[in-house]
Each structure stands twice: as structure tokens, then as C-alpha cells.
Amino acid sequence: MEAIKSNLIATVQYLSKDIGQRSYRDIVNLNKTASYIENAFSSMGYKPIRQSYIYRGNQYHNISVEASGVETSKNDIIVIGAHYDTIAGTSGADDNASGIAGLLELARLVRIKPISRTIHFVAFTLEEPPAFFTKNMGSYIYAKGLYDKGVKVYGMISLEMLGYYSDNRNSQFYFPFSFLKWFYPDTGNFIAFLGNLSSRPFSSTFKKSFKAVSSFPVESLNTPSIVPGINFSDNYSFWRLGYPAIMITDTAFMRNRNYHKDTDTGDTLDYNKFAELVKGLFNALC
């Protein structure tokens, strides 16, 4: 657990403090981040692939690796992704250096102990505005590439803000869906698995696997994809192409008051719980 925690801290620190803001305008910082992710994957023994495309006259990059599954009879893949860009004005420790840190650590653990299905680990560019909700999102570019090749996707997992927790009562909010407070905890110490209706089988299966191997508090919700909030990340791109996908999140603005602010810094995250979560996610994949 200490190794996991140490690696998570190092990645969040480097992305959010050493590099800093990574908005679509910050081409130098985005390129530094892409290179950092490539080097991290390479150090684990992977062969990273850079998928590049042009948006508003600049070049942006998705970085992916493949971890081959041990059961060749399973010909569908799992995609685990996180975006590495930020909104302008923030260095994005939770949003989404935490997601990239979780992605890299899961890739490291899977490299040590492969799972049954093949996994694509992908660091996406351009999740934030102005590309948000468009076909210029890095995740859409990647998902469309899979779709065009006829790749079968068992399920996609979007790692979106993984590090912010509180054990205080009334630390969890449900604005603008206040009715949810009658069904979900008012303490922000859980992780949420969010998906659309067609992703319910994948979401339920993965939640069951997670609960079997971890005592980390987990809640889930599957609703129509038009409901605001559950489609606020890279899982949305995969839904657009008919793939089952879930977002794993600390619930962002419903808990973390630093969301999309310059106060979203590494010292606000709970790395003990973050490490426990990542360990649970890995064990659930096994």
C-alpha cells in the first residue's frame, strides 16, 4: 500500500505543481505531460502509442498502452482512461492529475499481475472545454478509432477525480439533484460508479467485484445518459459509439469545493484513501 501511495503522490505532485496548468492553450505543458506519461509507461515495460490529431491549429496527443490478457478466448477488451488536461486557471490536482495517477498505478500493477482480459490504458487529451462534449475530445478520437476497427469493448472505465474525501457529516452535496440526498450518504467518504442505463450490466458486475475485494465505501447510479453529471467525462465519448462505460469519481463539484478553481492543489487530497481505492480497483479487475 505504501508503494501505491508514494507513486500516487509523485504523479499528482509532478503534474499539478511541477508542470501546472494544462489547458488546451498550454501546448508546452500538455506536451511535457504527454512525455511524462509515455516515459512512465515505458519504465513499466510497455510500448506506448501516441495518437495525434489537430484541433484549432495545434497538435494534441492521446497516449495508450496495451496489457495483454491471459485468457486468449476473451476477445473483447477493457479500456481504462483518464484525461490529463485541465481547465484554464487551475493546476488540476484532483481534476484530473488524480485520474492520471490512478491510471499509471493500475497499469503498473497489471504489468506485475496480468488479468484475464486485455486492457487498453489511455491518457486522454482535451476533455475540458472548449472540446468538452464534442468530437474533438481525445476520448472520442480514441473510441472512434476502436469503433472503426471493429474492436469489441467489454467496458470502459473513466477515472475522473479520485482523491478528495471527507469523513465529516454534510460534506456530500447533490446539487442540482437534491432528491438524491434521500438515497445516498451525506458524508463524502465514498467512491461513485456512474453510468447510463445500457451500461448497467457492466457497472453492476464491476461494483460487485469491487465490493468482494475491498471495504472502501462505494455507491452507484445508472440513469439516462442525458442526466447532467453522469456524462461529464470521457465515458460520454464511449456512450456516443454504443460502448458500455462508467465513470469512477469522488463526485467532483458535489463534494470538492476546489473543483475548477486554483485551490485544486495536491495538499487537499487524501492519499491514504486514494491508495486504498486504487488497490481495490486493481483487485476487482483480477
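Below or above, wherever it landed, is the structure these notes cover. (Residues numbered from 1 in each chain as written. Predicted model: local features only at pLDDT ≥ 70, side-chain atom pairs only at ≥ 80, totals over all residues. Heavy atoms only, no water.)

1. Description of empty space enclosed by the protein
As a reminder, the rule being used: The rule is simple: put a 1 Å grid over the protein atoms alone, call a set of points where a 1.4 Å probe fits but cannot get out a cavity, call an open set with protein on both sides within 12 Å along at least five of seven lines a pocket, and count a residue as lining if it has an atom within 4 Å of a point. Grid points are joined across faces, edges and corners, and a volume is the space filled by probe spheres set on the points. Helix numbers and strand numbers start at the N terminus; a helix is a DSSP run of H or I with at least 4 residues, a strand a run of E with at least 2. Any residue that is not Ala, Val, Leu, Ile, Met, Phe, Trp, Tyr, Cys, Pro, Asp, Glu, Lys or Arg is counted as polar, Gly included; the first ten are nonpolar and the last four charged.
Taken as a whole, this structure holds one cavity of 30 Å³ or more when the rule is applied. Of all elements in the fold, only strand 5 (153-160) and helix 7 (271-285) reach the threshold of two or more residues within the lining of the largest cavity. Residue composition of the lining of the largest cavity, by class: eight nonpolar, no polar and no charged.

2. Thoughts on the packing of helix 3 (residues 93-112) against helix 7
Filter applied, for reference: Here an angle of 0 to 180 degrees is reported between the N-to-C directions of two axes, which are lines fitted to C-alpha atoms, with helices fitted over the stretch in contact. Here is the rule for angles: anything less than 35 degrees is roughly parallel, anything more than 145 is roughly antiparallel, 65 through 115 is roughly perpendicular, and the remaining ranges are oblique. For any helix crossing, the convention is left-handed if the near helix is rotated counterclockwise from the far helix by under a right angle, and right-handed if that rotation is clockwise. Should any heavy atoms of two residues lie within 4.5 Å, those residues are considered in contact.
The contact between helix 3 and helix 7 brings their axes to 10 Å, and the two run at 45 degrees. Put simply, helix 3 runs oblique to helix 7. Crossing hand, helix 3 versus helix 7: right-handed. Between helix 3 and helix 7, the contacting residues are Ser-98, Ala-101, Gly-102, Glu-105, Leu-106, Leu-109 and Val-110 on the first element and Phe-274, Val-278, Leu-281 and Phe-282 on the second.

3. Digging into the side chain of Asn-196
The condition that has to hold: Pairing of N or O atoms within 3.5 Å defines a polar contact, subject to two protein rules: one partner must be a possible hydrogen donor and the other a possible acceptor, and residues neighboring in sequence count only if both atoms are side-chain atoms.
Residue placement: Asn-196 occurs in strand 6 (residues 191-196). Only 3.4 Å separates the side chain of Asn-196 from the side chain of Trp-239, close enough to count as a polar contact. Each residue touching Asn-196, except ones within four places of it in the same chain, is listed here: Asn-222, Thr-223, Ser-225, Ile-230, Trp-239 and Ala-245.

4. What about the pattern of salt bridges?
Here is the rule: Any carboxyl oxygen of Asp or Glu within 4 Å of a side-chain nitrogen of Lys or Arg constitutes a salt bridge here. For every residue, the accessible area (1.4 Å probe, protein chains only) is compared with the maximum for its type, and the residue is labelled buried under 20%, exposed over 50%, or partly exposed between those bounds.
Under the criterion given, the structure shown has seven salt bridges. Across the pair Asp-167 and Lys-273 runs a salt bridge, and its minimum N-O distance is 2.6 Å. With a gap of 106 residues between them, Asp-167 in the loop between strand 5 and strand 6 and Lys-273 in helix 7 connect regions that are remote in the sequence. You can call Asp-167 exposed: its relative accessible area is 54%. Residue Asp-186 pairs with Arg-169 through a salt bridge whose shortest N-O separation is 3.0 Å. One end of the pair, Asp-186, is in the loop between strand 5 and strand 6; the other, Arg-169, is in the loop between strand 5 and strand 6, with 17 residues separating them in the sequence.

5. Re the pairing of strand 3 (residues 77-83)
Applicable threshold: Only strands that DSSP links by at least two bridges are regarded as paired with each other.
Among the seven residues of strand 3, seven are classified as buried, and the element is accordingly described as predominantly covered. Along strand 3, one buried face is formed by Ile-77, Val-79, Gly-81 and His-83 and the opposite face, lined by Ile-78, Ile-80 and Ala-82, is buried too. Bridge count between strand 3 and strand 4 (residues 118-124): seven bridges; the pairing is parallel. In the sheet register, Ile-77 faces strand 4, and the bridge partner there is Thr-118. In terms of strand pairing, strand 3 meets strand 5 through five bridges, oriented parallel.

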